Amino acid sequence: MIGSVPSRRHDITDDLRHQITTGSIKPGERLPSEAGLAARYRVSTVTLRRALAVLQGEGLVEKIHGKGNYVRRPRRKSMYVGGWGTLDPWTAAEPTLRTTVRSTTVPASVHLTTLLKVPSGSPLAEYTCLSLEQGTPHGLARIYIPRDLAPAGVLDDDSVCREAATRFAVLGPSPATIRETVCARSPTPDEASALRIGNNMAVLAITRIATDPTGRIIEAALLAFPGDRVDAVFTAHHVLDERQTQG
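My aim in this report is to walk through the structure given alongside it, one point at a time. Only a predicted model underlies this, so the values are computations on that prediction, with no experimental measurement involved.

The subject of this paragraph is the packing of helix α2 (residues 34–41) against helix α3 (residues 45–57). Running from amino to carboxyl end, α2 crosses α3 at an angle of 105°, the nearest separation of the two axes being 9 Å. In terms of orientation, α2 lies roughly perpendicular with respect to α3. Along its contact with α2, which presents Glu34, Ala35, Leu37, Ala38 and Tyr41, the element α3 presents Thr45, Leu48, Arg49 and Leu52.

Turning our eyes to something else, we now look at the packing of helix α1 (residues 9–21) against α3. Contact pair α1 / α3: the axes reach a minimum separation of 9 Å and the direction vectors enclose 50°. In terms of orientation, α1 lies oblique with respect to α3. Like other packed secondary-structure pairs, α1 and α3 cross with a definite hand, here right-handed. Taken together, the residues of α3 that come into contact with α1 (itself represented by Arg9, Ile12, Thr13, Leu16 and Arg17) are Thr47, Leu48, Arg50, Ala51, Leu52, Val54 and Leu55.

Now for the nonpolar core. Judged by nonpolar contacts, the single largest core of 26 residues is most densely connected at Ile143, Leu171, Leu223 and Phe225. The biggest single contributor to this core is strand β10 (residues 217–226), with four residues. Filtering out sequence-adjacent residues up to four positions away, Ile143 remains in contact with Ala125, Glu126, Tyr127, Cys129, Ala169, Leu171, Arg208, Glu219, Ala220 and Ala221. Counting 15 residues, the second largest nonpolar core, distinct from the first, contains Ile12, Ile20, Ala38 and Ala51.

Across the sheet, which stays open at both edges, the three strands sit in the order β4-β3-β11 with mixed pairing between neighbours. Two strands lie at the open edges of the sheet, namely β4 (86–87) and β11 (230–233), each paired on one side alone. As defined by bridge partners, strand β3 (residues 78–81) adjoins β11 across four bridges and the pair is classed as parallel. Bridged to Val81 within β11 is Val233.

This brings us to α2. Glu34, Leu37, Ala38 and Tyr41 are the residues of α2 that are buried. Burial along α2 is one-sided: seen end-on, the buried residues are contained in an arc of 100°. Looking at α2, the residues exposed on the side facing more than 90 degrees away from the buried face are Ala35 and Ala39. Buried residues in α2 make contact with α1, α3, β1 (61–64) and β2 (68–71). Just downstream of α2 lies Arg42, where phi reads positive at about 60°.

Next up on the list: the pairing of β3. One ladder, built from two bridges, connects β3 with β4; its direction is antiparallel. The partner of Val81 across the bridge, within β4, is Thr86. A loop of four residues connects β3 with β4, the two strands running antiparallel in sequence, and Gly83 in this loop sits at a positive phi of about 90°.

Rules behind the numbers
- Sequence order as written defines residue numbering, which begins from 1 separately in each chain.
- Where local features are concerned, this predicted model is filtered to residues with pLDDT of at least 70; where side-chain atom pairs are given and counted, the filter is 80 or more; whole-chain, interface and lining totals use all residues.
- Note: side-chain values were computed over all heavy atoms of the structure, leaving out hydrogens and water.
- Interaxial angle, 0 to 180 degrees, is taken between N-to-C directions of lines fitted to C-alpha atoms, where a helix line uses only the stretch in contact.
- Strands here mean DSSP runs of E at least two residues long; helices mean DSSP runs of H or I at least four residues long; both are numbered from the N terminus.
- Orientation is classified from the angle alone, with under 35 degrees giving roughly parallel, over 145 giving roughly antiparallel, 65 to 115 giving roughly perpendicular, and any other angle giving oblique.
- By the convention used here, residues are in contact when the closest approach between their heavy atoms is within 4.5 Å.
- In a left-handed crossing the near helix is turned counterclockwise from the far helix by less than a right angle, and in a right-handed crossing that turn is clockwise.
- Among the buried residues, those of types Ala, Val, Leu, Ile, Met, Phe, Trp, Tyr and Cys that are joined through side-chain atoms within 4.5 Å form a nonpolar core.
- Each residue is placed in one exposure class: buried if its accessible area under a 1.4 Å probe, protein chains only, is under 20% of its type's maximum, exposed if it is over 50%, and partly exposed if it falls in between.
- Strands qualify as paired when DSSP identifies two bridges or more between them.
- Directions are taken from the helix axis to each C-beta atom, and the arc is the one they span.

Right, dumping it as structure tokens:
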């Protein structure tokens, strides 16, 4: 039940957030109508919707078209293991999780030309992997490989490559090095559509570059995870200061 009667948008957001996080409003519970909330808080529906938009962006409230606003149930998180460049194998193997994989051939765009260091327009194999739990997207990977290095059998249900794709792992030849760049940002329109999230929800974006022993870039992967559905783990190895080992 709605308790206090704040009037400013930030106060409304704080009040609803407090009620949700303390359990006064339960996961899965439908909030009162927007008109009812606006009347309760003595604000316009425009102000009320702006307050709800903040909570939707934080992943606390989900607006279902034609039904209303609901408190989101806590989502189980996937785990991305940095350095190995893969979803945690135990997480990926959960029976409730599944990954759809589509493949096509695309010409290298300016961005991909820069990432893969190939001539503009070079043919690339593109693999789009979408991880879902009971129909809810958990992560999106777009993996690009020079066409001459593209592995066979990625779409075969029982292939090793298919198993790698379900974990967002490197699909091409075994790499000598993997470099990952991580940032939090707003989703692109394509990511928002595929992951079914609002433009105001942050995603964890990872750009992964794999190279072979000769230094050739053999794969570029663009990964995006809704911020409330993933943990990323990176292990740092201590490097001795050469100045301390001398003398």
